[in-house]
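Observations on the three-dimensional arrangement
Residue-level listing of the chains:
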Amino acid sequence: MEKKNIDWSSLGFGYVQTDARYVSYYKNGAWDEGAITSDANIVLNECAGVLQYAQTVFEGLKAYTTEDGHIVTFRPDLNAERLEQSAKRLEIPVFPKDRFIDAVNKVVSANEAWVPPYGSGATLYIRPYIFGSNPVIGVKPAEEYQFRILCTPVGPYFKGGAKPITIKVSDFDRAAPRGTGNIKAGLNYAMSLHAIVTAHKEGFDENMYLDPATRSKVEETGGANFLFVTKDNKVVTPKSDSILPSITRRSLVYVAKEYLGLEVEEREVYFDEVKDFAEAGLCGTAAVISPVGKIVDHGKEICLPSGMSEMGPVTKKLYETLTGIQMGRIEAPEGWIHTIK
Ligand SMILES: *Cc1c(COP(=O)(O)O)cnc(C)c1O
């Protein structure tokens with residue numbers, strides 16, 4: 001298989017149209033058998049449910065080339081399960097887990113030439129999504145849907161080393177108590193756009209959202225969960241019903257306990273405690289962990305002892321162990337690495 005002629009390491013995180021995508025249509029109460037297609041465009045009625053009432057959920061995962069030349073994905077079963085939870089919350093029909101995994105296999109195989117080689121730092125980002133496609137004007141769930149998966153090659157998240165970022169405590173809320181913060185829905189991102197554009201204008205990289213009910217506890221950022229490290233090397237991660245259950249965060253918690261022998265606390269984290277932590281990081285599929293150096297709350301700066309030039313030592317160990325597992329350099333727990341070919 002000849003790879004595409006792309007300068008993999010200079011790719012950013014943007015959409016590059018590849019050769020193949022997967023689509024399955026839901027009609028009359030059932031998903032059809034699904035197929036790979038080369039057509040990247042979708043023709044929809046002007047009144048489609050997704051366009052009028054944002055009835056759509058999505059997932060994000062990556063395919064990697066491992067050190068020994070296999071193409072693998074990381075825990076796709078958890079993406080399938082989370083998509084199921086997201087779909088149920090928005091009255092979208094569930095796309096079965098075994099079919100989800102089969103569809104990921106098919107679409108990655110069809111795009112094999114677009115899977116970046118080992119060592120390039122680049123990966124193939126995989127975006128499964130479901131949306132209501134038939135006309136809906138009275139507010140109700142659609143009756144027809146499309147489950148699709150697109151792929152796009154993305155460059156190394158950290159070019160020239162992982163530099164710690166500066167984040168602000170947002171004046172906006174991300175997710176209501178008992179709302180939709182715990183599902184992966186486009187609607188959570190639509191409402192975060194104004195907050196992130198505002199943060200960027202003010203010179204910050206990201207927003208820290210607090211719990212809307214009391215504004216005293218740390219929730220997450222727009223698209224990544226928090227991990228903190230205490231001065232005595234305990235890993236602490238916020239627990240809340242309105243946080244999106246990050247697969248990266250859940251995997252890092254396991255790595256911390258089982259590979260690094262660290263103590264881990266998953267609990268409510270008060271913003272008042274943040275000043276006492278030694279390290280902070282954001283975890284998600286895109287970066288695995290992005291180190292945080294500074295947190296600013298209305299002019300009051302919290303400078304983490306790990307500083308602004310490098311990842312903290314525990315964050316770095318977590319990062320290196322998980323990326324080592326993903327790339328096949330470190331033995332993975334049973335079932336984590338799903339080999340496509
Ligand atoms: C996708 C997402 C994450 C990260 O989840 P991963 O499974 O680790 O990629 C975190 N927060 C939000 C709001 C997300 O949408």
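Residues numbered from 1 in each chain as written. Predicted model: local features only at pLDDT ≥ 70, side-chain atom pairs only at ≥ 80, totals over all residues. Heavy atoms only, no water.

**Here we look at the site of the ligand**
So the rule is basically this: Residue proximity to a molecule or strand is established when one non-hydrogen atom of the residue lies within 4 Å of it. In the analysis that follows, any N or O atom pair within 3.5 Å is treated as a polar contact, provided that within protein one partner can donate a hydrogen and the other can accept it, and provided that, for residues neighboring in sequence, both atoms belong to side chains. Per-residue and other accessible areas follow the Shrake-Rupley method at a 1.4 Å probe size, with only the shown protein chains counted as cover for residues. Nonpolar residues are Ala, Val, Leu, Ile, Met, Phe, Trp, Tyr, Cys and Pro. Charged residues are Asp, Glu, Lys and Arg, and all others, Gly as well, are polar.
Residues in contact with the ligand amount to 15 residues; listed here are only the nearest, K184, Y189, E220, S246 and T285. Take E220: an N or O atom from its side chain is 2.6 Å from a nitrogen atom of the ligand. At a separation of 2.6 Å, an oxygen atom of the ligand approaches a polar side-chain atom of T285. Protein chains shield 96% of the accessible area of the ligand, which is 380 Å² for the free molecule. Partitioned by chemical class, the residues of the shell around the ligand number four nonpolar, seven polar and four charged.

**Structural notes on the domain arrangement of the protein chain**
Using the following cut-off: By convention here, the domain bounds are inherited from an automatic or database domain assignment. Contacts are assigned to residue pairs that have any heavy atoms within 4.5 Å of one another. A quick way to say it: buried area is the sum, across both parts, of accessible area lost when two parts are put together, with a 1.4 Å probe. The way it works is that DSSP assigns letters per residue, a run of H or I at least four long becomes a helix, a run of E at least two long becomes a strand, and they are numbered from the N terminus.
Domain assignment breaks the protein chain into domain 1 (8-154) and domain 2 (165-326). Between the C-alpha centres of domain 1 and domain 2 there is a distance of 26 Å. At the interface, 20 residues of domain 1 touch 19 residues of domain 2. Interface of domain 1 and domain 2: buried area, both sides summed, is about 1,700 Å²; carbon and sulfur atoms make up 64% of it. At the boundary of domain 1 and domain 2, one finds eight residue pairs in polar contact (both at pLDDT 80 or more). When contributions to the side of domain 1 that touches domain 2 are tallied by element, the ones reaching two or more residues are β4 (56-58), β5 (61-65), β6 (71-74) and α2 (76-89). Top contributing element to the side of domain 1 that touches domain 2 by residue count: α2, with six residues. Broken down by class, the residue content of the side of domain 1 that touches domain 2 amounts to nine nonpolar, six polar and five charged.

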